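Letter by letter, the chains look like this.
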Amino acid sequence: MEYRYKCDVKAKDLWELSMRRTYRSMAGIVNVVFTVAMILLTLKYWGGVSDLMRTILLAGCLLFPVIQPIATYGMCVKQLEDLPGFLDLAFDAGGVYITTDGGTQTLSWSRITNAIRQKNMIVVMSDDRHGYILTNRVLGKEKEEFFDYLCRQIKH
C-alpha cells in the first residue's frame, strides 16, 4: 500500500501545534499561574499605583494570553519562509520518500520515531524535534486509515 501527499502547511497549523505543545507542558502551567497572579495583583493594586506601574501590571496581564501567541505566530510565519516551497511525501513498505525542489530523500521506517495524531493533523516524527505535518486538508477521509498504517509500520 502506498500513500502520497503534497504538504500544505500554513502558519496557523504550526501555531496551533506550538501553542498546544506549550500549554500541555510545565511551561503552560507556569503561564496560566503567572497570568492569574498578575490579574489578581492588578485588581488589588490598580487604584494606588502610578501610571507607569499600571502599564507594567497591564503588560504582565497580557504577556501570556496575548503577546506570546502573537509572537509565536510571527515565528511560525518566519519558519515557513525557511521551508521548501514544494514538499511531497510518499509512504510505502520501503519507507518515507521526501521530494522537494532540491531533490529526493528516503527515510527507512527505522528512522521514523513516532506518529502523533491531533485533532487537525498528523505529525510524522523523524526524530525527537523534527517531523512532517500532514493536515486534515491534505489527508481528507484517509486520516484514520493512514494513521493506523503509520503505527503498523513504525512498530516493525
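Residues numbered from 1 in each chain as written. Predicted model: local features only at pLDDT ≥ 70, side-chain atom pairs only at ≥ 80, totals over all residues. Heavy atoms only, no water.

Asker: Run through the overall build of the protein, naming residues and quoting values.
Answerer: Helix and strand counts for the protein stand at 5 helices and 7 strands. Order of helices (α) and strands (β) in the protein, N terminus to C terminus: β-α-α-α-β-β-β-β-β-β-α-α. The C-alpha radius of gyration of the protein comes to 21 Å, more than 25% above the 15 Å expected for a compact globule of 156 residues. Judged by the C-alpha coordinates and their principal axes, the protein covers about 70 × 30 × 25 Å. When each of the 156 residues of the protein is scored for burial, the buried share is 35%. Residue pairs at least 24 apart in sequence account for 55% of intrachain contacts in the protein once pairs closer than 6 positions are excluded. Across the protein, the mean location of the 19 positive side-chain charges is 8 Å away from that of the 16 negative side-chain charges. (Helix = DSSP H or I, 4+ residues; strand = E, 2+ residues; numbered from the N terminus. Rg over C-alpha atoms; globule rule 2.2 N^0.38 Å. Buried < 20%, exposed > 50% of the residue type's maximum accessible area, 1.4 Å probe, protein only. Contact = heavy atoms within 4.5 Å. Lys, Arg positive; Asp, Glu negative; His and termini not counted. Charge placed at Lys NZ, Arg CZ, Asp CG, Glu CD.)

Asker: Help me get a handle on the packing of aromatic side chains, residues and values and all.
Answerer: For the structure shown, the criterion picks out 8 aromatic pairs. Taken together, a centroid distance of 5.0 Å and an interplanar angle of 50 degrees make the contact between Tyr3 and Tyr149 tilted. Taken as a pair, Tyr3 in strand E1 (residues 3-6) and Tyr149 in helix H5 (residues 143-155) lie far apart in primary sequence, 146 residues in all. With a relative accessible area of 3%, Tyr3 lands in the buried category. (Phe/Tyr/Trp six-rings, centres within 6.5 Å; stacked < 30°, edge-to-face > 60°.)

Asker: Any chance you could break down the nonpolar core for me, citing the residues and the numbers?
Answerer: Note that soluble globular proteins tend to have their nonpolar side chains buried in a common cluster. Formed by 22 residues in total, the largest nonpolar core has its most connected members in Tyr5, Leu89, Phe91, Val96, Leu134, Phe146 and Leu150. At the level of secondary structure, the elements contributing two or more residues to this core comprise E1, strand E2 (87-92), strand E3 (95-100), strand E6 (121-125), strand E7 (131-135), helix H4 (136-139) and H5. The residues contacting Phe146, other than those within four sequence positions of it, are Tyr3, Tyr5, Phe91, Ile122, Leu134 and Leu139. Ala11, Leu14, Cys76 and Met121 belong to the second largest nonpolar core, which has 7 residues in total. (Core = buried A, V, L, I, M, F, W, Y, C linked by side-chain atoms within 4.5 Å.)

Asker: Kindly report on the packing of helix H2 (residues 26-45) against helix H3 (residues 51-82), identifying the contributing residues and their values.
Answerer: Two elements in contact, H2 and H3, have axes separated by 9 Å at closest approach and are oriented at 150 degrees. In terms of their interaxial angle, H2 and H3 are classed as roughly antiparallel. As H2 packs across H3, the resulting crossing turns out to be left-handed. Only Ile56, Leu57, Gly60, Cys61, Leu63, Phe64, Pro65 and Gln68 of H3 make contact with H2, whose side of the interface consists of Asn31, Phe34, Thr35, Met38, Ile39, Leu41 and Thr42. (Axes fitted to C-alpha atoms, helices over the stretch in contact; angles between N-to-C directions. Parallel < 35°, antiparallel > 145°, perpendicular 65-115°, else oblique. Left-handed = near helix turned anticlockwise from the far one by under 90°.)

Asker: Help me get a handle on the sheet that holds strand E5 (residues 114-118), residues and values and all.
Answerer: Strand order in the open sheet formed by 3 strands is E5-E6-E7, with antiparallel pairing between adjacent strands. On the outer flanks of this sheet lie E5 and E7, each paired with one strand and no other. This sheet shows a mean twist of 15 degrees between the axes of neighbouring strands, independent of strand direction. Sheet topology places E6 next to E7; 5 bridges connect them, and they run antiparallel. Bridge pairing in E7 links Ile122 to Leu134. Against the sheet, H5 touches E5, E6 and E7, its axis set at about 155 degrees to E5. (Pairing = 2+ DSSP bridges.)

Asker: Outline the pattern of salt bridges, supporting the account with residue identities and numerical values.
Answerer: Evaluated as defined, the whole model comprises 7 salt bridges. Residue Arg117 pairs with Glu144 through a salt bridge whose shortest N-O separation is 2.5 Å. Of this pair, Arg117 sits in strand E5 while Glu144 sits in helix H5, and the two are 27 residues apart along the sequence. On the accessibility criterion, Arg117 (41% relative accessible area) is partly exposed. By relative accessible area, which is 40% here, Glu144 ends up partly exposed. Among the charged side chains, a network of salt bridges with common partners joins Asp8, Lys10, Asp13 and Arg137. (Salt bridge = Lys/Arg side-chain N within 4 Å of Asp/Glu carboxyl O.)

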